[in-house]
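Chains, contacts and geometry: an overview
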Amino acid sequence: AVVSTQSGHYGRGLFLTLFLGAHTAPKLWCATQDNKLYVRDPVESDISWTHVGHANNLVGMTSLNGKLFCATSNNRLYVRDPVQDNTGWTDIGHANNLVALTALNGKLYCATEDNKLYARDPVEYNVAWKHIGHANNLVAMAGINGKLWCATTSNKLYVREPVEYNIGWTHIGHANELTSMATLDGKLYCTTSSNRLYVRDPEEANIGWTHIGHANNVVAMAGIHVTFPKLFCATQSNRLYVRDPVESDISWTHVGHANNLVGMTSLNGKLFCATSNNRLYVRDPVQDNTGWTDIGHANNLVALTALNGKLYCATEDNKLYARDPVEYNVAWKHIGHANNLVAMAGINGKLWCATTSNKLYVREPVEYNIGWTHIGHANELTSMATLDGKLYCTTSSNRLYVRDPEEANIGWTHIGHANNVVAMAGIEVE
């Protein structure tokens, strides 16, 4: 729930903890006749589609288990992650003579040119499709509310149970001039040969479709939730805020509380924090005022991070500790030294730290005392975090920087402001 907003610029003396996280959002994806892949929000108004990649010779597309699947005119089945860049599609088998593709209840379903209905498991290698019935004159297919839905060349909408034997389809309404169908968040979407995008509820009755925008030359469509990074911050006033990590000064939205934080990290889809009263807490990274759960002690911390399923901390007396991220009080194990640390992060299988002498070090996360290797500079750091293969830091001059995690003295790139930050973390939320 949005309680209030706060601008991206903070007053003097304000205490900040920054958490770099993510949330999921629904998106419609479509492939077009000119072999391009586009994405847009499923809002019921005419907004632009954003070009995000290639989709060559598609005849069908669907989503399942957080992946996009497609079939092509050369009889192949492909899969890719729903990231919004031009990532590759991976060939996972055959998909002969398809006219429609969908997913339901953990299975892929397809209709073919010879009016047959098939099903297969969504494994990422070549397996046989099982013939389970007829699918006459289909132009599009979708799965929702436990049933298969299809549109036909006669502009009719049908449903059937997804049983793996031949049963009838039930006529329930109209589906005029459809070129593709998709489902998302309890709604049925379609595109038409007149380049329009429509939506309707999946009621088994002849109800109207609502025109919500354009969809030019679409040959296939899918709906899926995708992950986007978010910046979370905790302030001296014990509030938790969130904003997009865009490279411009935007508002922060108040989403909860974060009392007396001194460090924060993430692991296993959870947000962990240590507080000035020597306690360790955990919460889900949801964007509302959910509670923090006390799970143990965290005495005199100066830095907190996570790596390879463990929590690591550095303390005021220059010691390095590790513990399991279990949600009850367990002992921290002393595993080495961590002299004069101001920030710590974990990436590429190693612990990284910045010190009061403006140096950047790495070490293996072994649970005994070994040396840290000096690899570069880290000037005036107040926090460090990792996200999507990058190392981020904030400085006492209220700036946000990023660099690749190469073990060499390379430059940091200034990408924005980060006022009065003392801790930062990164997470990918499913």
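Residues numbered from 1 in each chain as written. Predicted model: local features only at pLDDT ≥ 70, side-chain atom pairs only at ≥ 80, totals over all residues. Heavy atoms only, no water.

1. Focus: the sheet that holds strand β38 (residues 399-403)
Working definition: the strands of a sheet are paired by backbone hydrogen bonds and lie parallel or antiparallel to each other. If you walk across this open sheet you meet the four strands as β36-β37-β38-β39, and the pairing is antiparallel. Across the chains shown, the open sheet's two edge strands, defined by having one partner strand only, are β36 (381-387) and β39 (413-417). On average, each strand axis in the sheet is inclined to that of its neighbour by 25°, with strand direction left out of account. Taken together, the four bridges between β38 and β39 define a ladder with antiparallel strand orientation. When the sheet's bridge partners are listed, L400 is paired in β39 with G416. (Pairing = 2+ DSSP bridges. Helix = DSSP H or I, 4+ residues; strand = E, 2+ residues; numbered from the N terminus. Axes fitted to C-alpha atoms, helices over the stretch in contact; angles between N-to-C directions.)

2. A look at the pairing of strand β34 (residues 359-363)
Of all five residues making up β34, four are buried, and the element is well covered by its neighbours. Here strand β33 (residues 350-355) pairs with β34 via four bridges, running antiparallel. Residue pairing for β34: A354 is matched across the bridge by L360. Linkage of β33 to β34, two consecutive antiparallel strands, is achieved through a turn of three residues, within which N358 is found at a positive phi near 65°. (Buried < 20%, exposed > 50% of the residue type's maximum accessible area, 1.4 Å probe, protein only.)

3. Focus: the environment of N35
By the element assignment, N35 lies in the loop between β2 (16-32) and β3 (36-40). Along the primary structure N35 and A55 are separated by 20 residues, whereas in three dimensions their C-alpha atoms are 4.8 Å apart. Dropping the residues within four chain positions of it, N35 is found in contact with G53, H54, A55, N56 and N57. Looking at N35, its side chain comes within polar contact range of the main-chain nitrogen of N57, at 2.8 Å. (Contact = heavy atoms within 4.5 Å. Polar contact = N/O pair within 3.5 Å; in protein donor to acceptor, adjacent residues only side chain to side chain.)

4. Notes on the packing of aromatic side chains
Scanning the model with the defined rule gives zero aromatic pairs in all. Positioned above the aromatic ring of W169, the side-chain terminus of R160 is 5.8 Å from the ring centre. Seen from the ring of W332, R323 lies directly overhead, with NZ or CZ sitting 5.8 Å from the centre. (Phe/Tyr/Trp six-rings, centres within 6.5 Å; stacked < 30°, edge-to-face > 60°. Lys NZ or Arg CZ within 6 Å of the ring centre and 35° of its normal.)

5. So, the sheet that holds strand β31 (residues 333-337)
The four strands are arranged β28-β29-β30-β31 in an open sheet whose pairing can be described as antiparallel. Both outer strands of the open sheet, β28 (301-307) and β31, are each paired with one neighbouring strand and no more. Taken pair by pair, the neighbouring strands of this sheet meet at an average axis angle of 25°, ignoring direction.

6. Quick notes on the nonpolar core
With 16 residues, the main nonpolar core has W29, L37, L58, M61 and W89 as its most contacted residues. Looking at this core element by element, the count peaks at four residues for strand β21 (residues 218-235). (Core = buried A, V, L, I, M, F, W, Y, C linked by side-chain atoms within 4.5 Å.)

7. Concerning the side chain of T192
Within the secondary structure layout, T192 lies in strand β18 (residues 187-192). Overall, the relative accessible area of 6% leaves T192 in the buried class. Those residues in contact with T192 that lie beyond four places of it in its chain are N176, E177, L178, T179 and Y198.

8. A short note on unusual backbone geometry
Positive phi values are uncommon outside glycine, yet N75 reaches one of about 70°. Along the chain, the position of N75 falls in the loop between β6 (67-72) and β7 (76-80).

9. Regarding the environment of Y281
Within the secondary structure, Y281 is located in strand β26 (residues 279-283). Judged by its relative accessible area of 19%, Y281 is buried. Taking the C-alpha atoms as reference points, Y281 and H297, 16 residues apart in sequence, are found 8.7 Å from one another. Contact partners of Y281, with chain neighbours within four places excluded, come to L271, F272, C273, T275, W292, T293, D294 and I295.

10. Remarks on the side chain of T395
Among the structural elements, T395 can be located in strand β37 (residues 390-395). One polar contact links T395 to S397, side chain to side chain, over a distance of 2.9 Å. Setting aside its immediate chain neighbours within four residues, T395 contacts N379, E380, L381, T382, Y401 and A418.

11. A few points about the pairing of β6
Where burial is concerned, most of β6 is hidden: five out of the six residues are buried. Relative to β6, strand β5 (residues 58-64) runs antiparallel, the two being bridged by six bridges. In the sheet register, S63 faces β6, and the bridge partner there is L68. In sequence, β5 turns back onto β6 through a hairpin of two residues, with N65 there showing a positive phi of about 55°. Taken together, the four bridges between β6 and β7 define a ladder with antiparallel strand orientation. Directly across from L68, in β7, lies its bridge partner R80.

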